[in-house]
Amino acid sequence: MQSWRRKSLWLALLASWLLGLLGIFPLLRLAVPTRPRAGAPQGWPRWLDAELLQSFSQPGGLPEDAPQPPQAPRGGSCDRGACFDASKCKRAGFKVFMDPAAGPVSETQHKILASIEGSRYHTVRPTEACLRLLSLDAPAGRCSLLPPEWNGGQNHLVLRLHPASCSWTFQLGQAMVAEASPTVDTFRPGFDVALPLLPETHPFRGGAPGQLQQHSPHPGVALLALAEERGGWRTAGANSSACPWDGHCEQNHGPEQTHPGASLPNAIFCLIPGPDALHFLQALQAGCIPVLLSPHWQLPFSEVIDWTKAAIVADERLPLQVLAALQEMPPTRVLALRQQTQFLWDTYFSSVEKVIHTTLEIIQDRILGVSARPSLLWNRPPGALLALPTFSTSPSDFPFYHLQQGSRPAGRFSALIWVGAPGQPPLKLIQAVAGSQHCAQILVLWSNDKPLPPRWPETVVPLIVIEGHRKVSDRFLPYSAVSTDAILSLDAHSSLSTSEVDFAFGVWQSFPERMVGFLTWSHFWDEAQGGWGYTAERVNEFSMVLTSAAFYHRYYHTLFTHSLPKALRSLADDAPTCVDVLMNFLVASVTKLPPIKVPYGKGHQEARPLLVPGGLGSEPAPQPADQDCINQMAAGFGHMPLVSSRLRLDPVLFKDPVSVLRKKYRSLEKP
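All values reported here derive from a predicted model rather than from experimental measurement. (Residues numbered from 1 in each chain as written. Predicted model: local features only at pLDDT ≥ 70, side-chain atom pairs only at ≥ 80, totals over all residues. Heavy atoms only, no water.)

### A few points about the environment of Gly 210
Part 1 of the argument: With respect to the helices and strands, the residue Gly 210 is situated in the loop between β5 (193–195) and β6 (223–227).
Part 2 of the argument: Along the sequence, Gly 210 and Gln 282 sit 72 residues apart, while their C-alpha atoms lie 9.7 Å from each other.
Part 3 of the argument: Dropping the residues within four chain positions of it, Gly 210 is found in contact with Gln 285, Gln 342 and Trp 345. (Helix = DSSP H or I, 4+ residues; strand = E, 2+ residues; numbered from the N terminus. Contact = heavy atoms within 4.5 Å.)

Put into structure tokens, the structure is as follows:
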């Protein structure tokens, strides 16, 4: 009898154990996701069991399945191979022609047209266009008609930034669609482009910076913010088991605050209900991690942006599990997510111009196919808009990724000497630079009206003479003769010693993304004039280095030529000192960092007379006519990118009271 009871007890325990194992097995499957498939396109994270809690774990471990076809696609089964003629892009490259509006141009259409006209994509000839753009962002009742050269929509992009604007009343055919927050059912992955839902007042250029510093909660206090239909945010403490988005929760809600007038949330996690896409950009700008509760729309630019590093997808039917997961997220992961929201906002979403350019870059990458930029260039600073595929698609060729990859630039540089003013050839400068052990070649850019000298000095490194076009901006053209990553930019009137060149190059190798120079300028805000100014006065603070003697990466020549608007380059040619300002603007806007100053011998300055603007000797003071160029450039960039610094890097034992035999760069201290 006792034996039968023992057997019954064991059978009951075994049955209970099996039932419990089967019941908890789906949750175990969620806790141990499989590895992502190699080469799978970026998109929404799709878990093994979609019925249970979705993505709210660490972004680095989110599995991604291949995108599934939409349920009701527009235009049939179009893809870029069947509905796009890439042969039109081979003649003149990736050029975009915007079809003229049939009626009055709206404010949004004007912003779109201005962002394209000032870019490298624009063409005024429809015959050489690779892509034709049709904007539907017109006022109600004034919708654009079908363009005359529609051709079934082939190589056309129908653009609609605001859902309240016109909708198409014609057959899309083979046209691509770029619209704000498209539904998952109608979106065609790999063909259409999902845009962010922009407010009507979104800035055209520049845009407001991220607000992470201003809107961070007190350290150690975790907050939740729920997007409300009326446009505000409702916040509640995350340390309790409250359900801030569910009014039927029985738990204590804790202290809550409603901010109907606040545009940005002051929280760590922002809970955004499924149909709400309007609050998504507000969360990104505020550095608030978006927690998307069963979203019904496609994330913007999800084809190239890895949203698992900046956002969280959760099931709105499991609020307690979501709260528990957010509470247990490690602080390091929270910080990484918040930093990524700031990078994505500033790089792709802060202005209409960036949204339009990102859309065009995605389409260009599709055309390039295997030559497209890898995911790293899209999801790491400075972003794909500043990593031009015409230069390279390998991260190691750019100056921004050496630290992340644990690499270091090659130990050679090319000296580029610009001869723009009449005078004797820079023979002494050539000999000093050629004496550097790191010099690979010297290029002399002859940009004045005098004939070339018949003879040049003999050097141990190759000497190449290039005839310029008599413009100051010639020195920043991407010359194919440059064979190294590092460029030492010099003027014919520059005066440097070999030790100064060697030390400055060693500093640049540690900071290859920044400019390293000898003479500096600083910018300031002039309250009396109500604008920006800059000065060459010797102060402890600086924000620019003169390109008459500076090291930088050769990629900035490509950016200067192909990324900057033509109007800014023309402005630099008209005012001699503006070219220095423009180059510093460009590098600072890319790196968000100041340049680096290295010591420069006083003997060179005392022995030299005053030089023409742009020369290196006594620092050239900006002329009154040139002062306004900094304001025009700030308007062209949409903001002031320059960053001030008080740092100067000196050699070890520099000016220390020790024997000169212990110093490597002894000539730097000679009177």
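### A closer look at unusual backbone geometry
Part 1 of the argument: The omega angle of the peptide bond from Pro 381 to Pro 382 is 5°, so this bond is cis rather than trans.
Part 2 of the argument: Inspection of the secondary structure puts Pro 382 in the loop between α7 (375–379) and α8 (402–405).
Part 3 of the argument: Positioned with a positive phi, Asn 151 is a non-glycine residue whose angle comes to about 55°.
Part 4 of the argument: As for its placement among the helices and strands, Asn 151 is situated in the loop between β2 (131–135) and β3 (156–160).

### Description of the sheet that holds strand β16 (residues 516–517)
Part 1 of the argument: Sheet architecture is open: seven strands sit in the order β14-β13-β12-β15-β20-β16-β21, paired in mixed fashion. Looking at strand neighbours, the two that pair on one side only are β14 (463–467) and β21 (596–597), the edges of this open sheet.
Part 2 of the argument: Bridge count between strand β15 (residues 486–491) and strand β20 (residues 549–553): five bridges; the pairing is antiparallel. Pairing of Ser 489 across the sheet is with Ala 550, part of β20.
Part 3 of the argument: Strand contacts of helix α9 (residues 427–434): β12 (413–419), β13 (439–446), β14 and β15, with the helix running at about 160° to β13, the strand carrying the most contacts.
Part 4 of the argument: In this fold helix α10 (residues 498–510) packs onto β12, β15, β16, β20 and β21, with an angle of close to 30° to the strand it touches most, β20. (Pairing = 2+ DSSP bridges. Axes fitted to C-alpha atoms, helices over the stretch in contact; angles between N-to-C directions.)

### Considerations on the pattern of salt bridges
Part 1 of the argument: For the coordinates displayed, the defined rule picks out 17 salt bridges.
Part 2 of the argument: Of the charged contacts, one joins Arg 132 and Glu 149 as a salt bridge, the two residues approaching to 2.8 Å between their closest N and O atoms. Within this pair, whereas Arg 132 is found in strand β2, its partner Glu 149 is found in the loop between β2 and β3, the two being separated by 17 residues in sequence.
Part 3 of the argument: The residue Arg 646 makes a salt bridge to Glu 541 at a minimum N-O spacing of 3.6 Å. Of the two residues, Arg 646 is situated in the segment after α16 (629–637) and Glu 541 in the loop between β18 (531–535) and β19 (544–545); the sequence distance between them amounts to 105 residues.
Part 4 of the argument: The exposure class assigned to Arg 646 is exposed, which follows from its relative accessible area of 68%. (Salt bridge = Lys/Arg side-chain N within 4 Å of Asp/Glu carboxyl O. Buried < 20%, exposed > 50% of the residue type's maximum accessible area, 1.4 Å probe, protein only.)

### Let's talk about the pairing of β13
Part 1 of the argument: With eight of eight residues buried, β13 lies mostly within the body of the structure.
Part 2 of the argument: Bridge analysis of β12 against β13 gives seven bridges, and the strand direction is parallel. Its bridge partner being in β13, Leu 416 is matched across the sheet by Leu 443.
Part 3 of the argument: Note: β13 against β14, five bridges, orientation parallel. From the neighbouring strand, Trp 446 faces β14, where its bridge partner is Glu 467.

### Some thoughts on the nonpolar core
Part 1 of the argument: Of all hydrophobic cores here, the largest spans 88 residues; its most connected members are Phe 413, Val 433, Ile 442, Phe 551, Phe 585 and Met 633.
Part 2 of the argument: Take this core: its biggest share by element is ten residues, from helix α13 (residues 578–591).
Part 3 of the argument: Not counting residues up to four positions away in its chain, the partners in contact with Ile 442 are Ala 415, Ile 417, Ile 430, Val 433, Ala 434, Val 461, Pro 462, Leu 463 and Ile 464.
Part 4 of the argument: Core analysis: the second largest hydrophobic core is formed by 61 residues, Met 98, Leu 157, Phe 301 and Phe 349 among them. (Core = buried A, V, L, I, M, F, W, Y, C linked by side-chain atoms within 4.5 Å.)

### Details of the confidence of the model for the protein
Part 1 of the argument: For the protein, per-residue confidence averages 79 on the pLDDT scale, and 76% of positions sit at 70 or higher.
Part 2 of the argument: Ignoring residues within four places in sequence, the model shows residues 240–262, a span with pLDDT below 50, making 51 contacts including any to other chains.
Part 3 of the argument: Below pLDDT 50 for its whole length, residues 605–618 participates in 37 contacts with residues either more than four positions away or in separate chains. (pLDDT = per-residue confidence, 0-100.)

### What about the packing of α13 against α16?
Part 1 of the argument: Two elements in contact, α13 and α16, have axes separated by 10 Å at closest approach and are oriented at 30°. As the angle between them shows, α13 and α16 are arranged roughly parallel. Once α13 is placed against α16, the crossing between them reads as right-handed. Two secondary-structure elements touch here, α13 through Cys 578, Val 581, Leu 582, Phe 585, Leu 586 and Ser 589 and α16 through Cys 629, Ile 630, Met 633, Ala 634 and Phe 637. (Parallel < 35°, antiparallel > 145°, perpendicular 65-115°, else oblique. Left-handed = near helix turned anticlockwise from the far one by under 90°.)

### Description of the sheet that holds β19
In a beta sheet, neighbouring strands pair by backbone hydrogen bonds and run either parallel or antiparallel.
Part 1 of the argument: If you trace the three strands from one edge of the open sheet to the other, you get β18-β17-β19, paired in antiparallel fashion. A strand with exactly one partner marks an edge of an open sheet, and here the two such strands are β18 and β19.
Part 2 of the argument: Judged from the two bridges that link them, strand β17 (residues 520–526) and β19 form a sheet pairing that is antiparallel. Across the sheet, the residue bridging to Trp 521 is Met 544, located in β19.
Part 3 of the argument: Against the sheet, α16 makes contact with β17 and β18, and its axis sits at roughly 125° relative to β18, the strand it touches most.

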